Amino acid sequence: MDAKTTWTTEQILALASDAASAKSGLDLSAPRKWVTRGRAEAVVWGECQGSGAKPYRTAIDLSEPAFKCSCPSRKFPCKHGLGLFLMYESQAQSIEQGTPPSWVSEWLESRSKRVEQAAVKKEQPSTPRATDPAAQAKVAAQREARVSAGVKDFRRWLGDLTRNGLSAAQAQPSSFWEGPASRLVDSQAPGLARMVRQMAGIPASGEGWPDRLLEEMGRVHLLVESFERIERLPLNIQAEVRTLMGWTQSQDELLALDGVSDRWAVLGQRVVEEDRLRTQRTWLWGTGTGQHALVLDFAHGSQPLDKTLVAGTILDAELVFFAGAIPSRALVKKRNNPPSALNALEGVSIAAAIEAYAAALALNPWLNRFPVLLGDVVPMHEGERWWVRDGDGHALPLTPRFAGGWQFLAVSGGHPVTLFGEWNGRHMHPVSVWNGRLVQL
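Residues numbered from 1 in each chain as written. Predicted model: local features only at pLDDT ≥ 70, side-chain atom pairs only at ≥ 80, totals over all residues. Heavy atoms only, no water.

Caption draft 1: A look at the sheet that holds strand E11 (residues 370-382). An order of E13-E12-E11-E14-E15-E16 is seen for the six strands of this open sheet, with the pairing classed as antiparallel. In the strand order of this sheet, the two ends are held by strand E13 (395-397) and strand E16 (438-440), each with one partner. For this sheet, the mean inter-axis angle between neighbouring strands, taken without regard to orientation, is 45°. In the sheet, strand E12 (residues 385-390) pairs with E13 via three bridges, with the strands oriented antiparallel. By the bridge assignment, Trp-387 is partnered in E13 with Pro-397. Across the face of the sheet, helix H11 (residues 350-363) comes into contact with E11, E12, E13 and strand E14 (417-423) while running at roughly 135° to E11. (Pairing = 2+ DSSP bridges. Helix = DSSP H or I, 4+ residues; strand = E, 2+ residues; numbered from the N terminus. Axes fitted to C-alpha atoms, helices over the stretch in contact; angles between N-to-C directions. Contact = heavy atoms within 4.5 Å.)

Here is the structure:
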């Protein structure tokens with residue numbers, strides 16, 4: 001497939017790290033800004049004159065995409081990469097086909113070697129590290145003991161919160177919540193600590209907060225009870241409980257397992273920032289298996305996030321899934337072919353989506369984010385709230401935090417569209433909409 005048909009302006013601008021980079025990229029998408037420019041089968045390159053004596057050399061490997069630029073910018077992709085990509089998307093005729101110069105060929109060769117080395121490393125059996133099984137068992141037992149002690153202490157705090165009544169929670173200072181959360185971190189249960197910190201904001205969340213706090217307390221209590229009886233649980237539930245408490249799974253061990261091969265539709269991304277840590281959630285949907293997958297990427301401060309999974313494309317790849325009650329989080333183990341364009345997308349009714357959510361919740365009672373792909377829904381604005389309604393007359397409320405309601409309405413034109421988003425049992429947070437092309441909201 002010609003890589004040119006894969007990309008749209010919206011997809012390219014979605015790669016920008018911020019609005020300033022997107023604007024600068026648009027400014028640099030004019031051919032007159034480039035001293036040289038060229039393209040071959042899966043690569044495009046150019047030289048852009050900057051403030052220095054020598055022009056900046058920029059190249060794009062279209063198969064992922066991947067970027068290279070000699071400019072000093074720490075943003076990835078930089079404005080030159082975005083500008084060249086936008087020019088290629090909208091004015092490919094202004095970029096002559098030819099043989100890549102040596103600096104482009106060398107970059108492509110180095111990328112190819114790294115891919116080959118990584119593939120060989122995965123295929124070769126790993127050399128066991130010199131470890132002492134007895135020492136490892138001792139460390140694991142020590143952590144179990146520390147977490148168990150921390151959970152026992154936390155159980156008393158949670159019981160006091162319940163006995164004192166929820167009304168007292170609204171008057172508590174931040175230290176009331178931060179104290180037990182910090183002790184849980186010290187006890188090596190950071191996942192449970194995160195849930196406590198999330199509870200801290202509920203009393204100030206407006207009307208209906210007691211119900212929401214009670215619900216979250218119930219989930220936390222169930223997690224504590226499950227951890228204290230973990231050996232009696234099925235293996236997949238044990239894995240879920242350990243993950244929620246704060247244990248991590250080895251990515252190297254996961255990548256050694258057999259994965260699920262499919263043509264995965266990249267349905268959209270959300271980036272959430274907390275304490276300078278940015279978390280990027282990329283949702284994929286198996287066009288053959290119907291299985292959903294969540295790929296997480298983390299970046300601290302100005303570090304770049306992974307931009308190789310582009311919304312609105314099809315990824316032909318093998319994915320491996322983390323263990324859990326409902327395997328959802330995944331890693332890309334192997335890319336079989338370059339990405340191609342997403343040409344069609346169909347959703348289900350609201351009733352079918354809620355039925356699927358109920359079935360998933362029965363398997364994982366701690367589920368707080370469920371992907372839904374709704375077909376033929378229309379956005380509605382009533383009072384201060386946004387909703388979506390389908391042809392059967394069913395409606396779902398959108399989260400009050402969603403700020404793209406008018407954009408959603410404009411993209412739909414008031415007509416039925418396919419909507420992808422995250423459902424938490426109360427509200428839906430739209431991620432992207434399909435009206436013949438995928439638009440991220």
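Now that the structure is up, let's keep going.
Caption draft 2: Broad picture of the environment of Pro-339. Summarising the element assignment, Pro-339 is placed in the loop between strand E9 (330-335) and strand E10 (340-341). For Pro-339, a relative accessible area of 11% puts it in the buried group. The spacing of Pro-339 and Gly-312 is 27 residues in sequence and 9.8 Å in space, taken between C-alpha atoms. (Buried < 20%, exposed > 50% of the residue type's maximum accessible area, 1.4 Å probe, protein only.)

Caption draft 3: Expanded view of the packing of helix H6 (residues 174-186) against helix H7 (residues 190-200). With their axes 8 Å apart at the nearest point, H6 and H7 run at an angle of 170° to one another. With respect to H7, the element H6 is oriented roughly antiparallel. Facing H6, whose interface residues are Trp-177, Glu-178, Pro-180, Ala-181, Ser-182, Leu-184 and Val-185, H7 presents Pro-190, Leu-192, Ala-193, Val-196, Arg-197, Met-199 and Ala-200. When its residues are assigned to classes, the contact of H6 with H7 shows 11 nonpolar, one polar and two charged. (Parallel < 35°, antiparallel > 145°, perpendicular 65-115°, else oblique. Nonpolar A, V, L, I, M, F, W, Y, C, P; charged D, E, K, R; others polar.)

Caption draft 4: Examining the side chain of Arg-143 more closely. By the secondary structure assignment, Arg-143 is in helix H5 (residues 133-164). Within the buried core, Arg-143 has no salt-bridge partner, and the shortest N-O distance to an opposite charge, that of Glu-144, equals 7.5 Å. Setting aside chain neighbours within four positions, we find Arg-143 in contact with Gln-188, Pro-190, Gly-246 and Trp-247. (Lys, Arg positive; Asp, Glu negative; His and termini not counted. Salt bridge = Lys/Arg side-chain N within 4 Å of Asp/Glu carboxyl O.)

Caption draft 5: How the structure looks around the nonpolar core. Residues Phe-154, Leu-161, Leu-192, Leu-213, Phe-227, Val-241 and Met-245 are the most contacted members of the largest nonpolar core, which totals 31 residues. Those residues in contact with Val-241, other than ones at most four positions away along the chain, are Leu-223, Ser-226, Phe-227, Ile-230, Leu-233 and Trp-366. Residues Phe-370, Val-411, Val-417 and Val-433 belong to the second largest nonpolar core, which totals 22 residues. (Core = buried A, V, L, I, M, F, W, Y, C linked by side-chain atoms within 4.5 Å.)

Caption draft 6: Just the packing of H7 against helix H8 (residues 209-228), in detail. Interaxial distance between H7 and H8 falls to 10 Å at its minimum, and their mutual angle equals 165°. Taken as axis vectors, H7 and H8 run roughly antiparallel relative to one another. Like other packed secondary-structure pairs, H7 and H8 cross with a definite hand, here left-handed. Residues Leu-192, Met-195, Gln-198 and Met-199 of H7 pack against Leu-213, Glu-216, Met-217, Arg-219, Val-220, Leu-223 and Val-224 of H8. Residue composition of the contact of H7 with H8, by class: eight nonpolar, one polar and two charged. (Left-handed = near helix turned anticlockwise from the far one by under 90°.)

Caption draft 7: Representation of the packing of aromatic side chains in the model. On inspection of all chains with the given rule, the structure shows 13 aromatic pairs. Between Trp-283 and Phe-420 the ring centres are 6.2 Å apart and the planes differ by 65°, which places this aromatic pair in the edge-to-face class. Residue Trp-283 is located in strand E6 (residues 277-286), and its partner Phe-420 is located in strand E14; the two are separated by 137 residues in the primary sequence. Using a relative accessible area of 2% as the deciding quantity, one classes Trp-283 as buried. With centroids separated by 4.8 Å and ring planes inclined at 85°, the aromatic side chains of Trp-386 and Trp-406 adopt a geometry described as edge-to-face. Placement of the pair is Trp-386 in strand E12 and Trp-406 in helix H12 (residues 405-412), with a sequence separation of 20 residues. Connected via pairs of aromatic rings, a cluster forms that spans Phe-154, Trp-157, Phe-176 and Trp-177. (Phe/Tyr/Trp six-rings, centres within 6.5 Å; stacked < 30°, edge-to-face > 60°.)

Caption draft 8: Broad picture of unusual backbone geometry. Residue Pro-65 is bonded to the preceding Glu-64 through a cis peptide linkage, with omega at 5°. Tracing the chain through its elements places Pro-65 in the loop between strand E3 (56-61) and strand E4 (66-69). In this chain, Phe-76 is followed by Pro-77 through a cis amide linkage whose omega measures -5°. Here Pro-77 lies in the loop between E4 and helix H3 (79-90). Of note, the phi angle at Gln-188 is positive, near 65°, even though the residue is not glycine.

Caption draft 9: Expanded view of the side chain of Asp-262. Along the chain, the position of Asp-262 falls in strand E5 (residues 260-274). Aside from chain neighbours lying at most four places away, what touches Asp-262 is Gly-286, Thr-287, Gly-288, Thr-289, Gly-290, Leu-315, Asp-316 and Ala-317.

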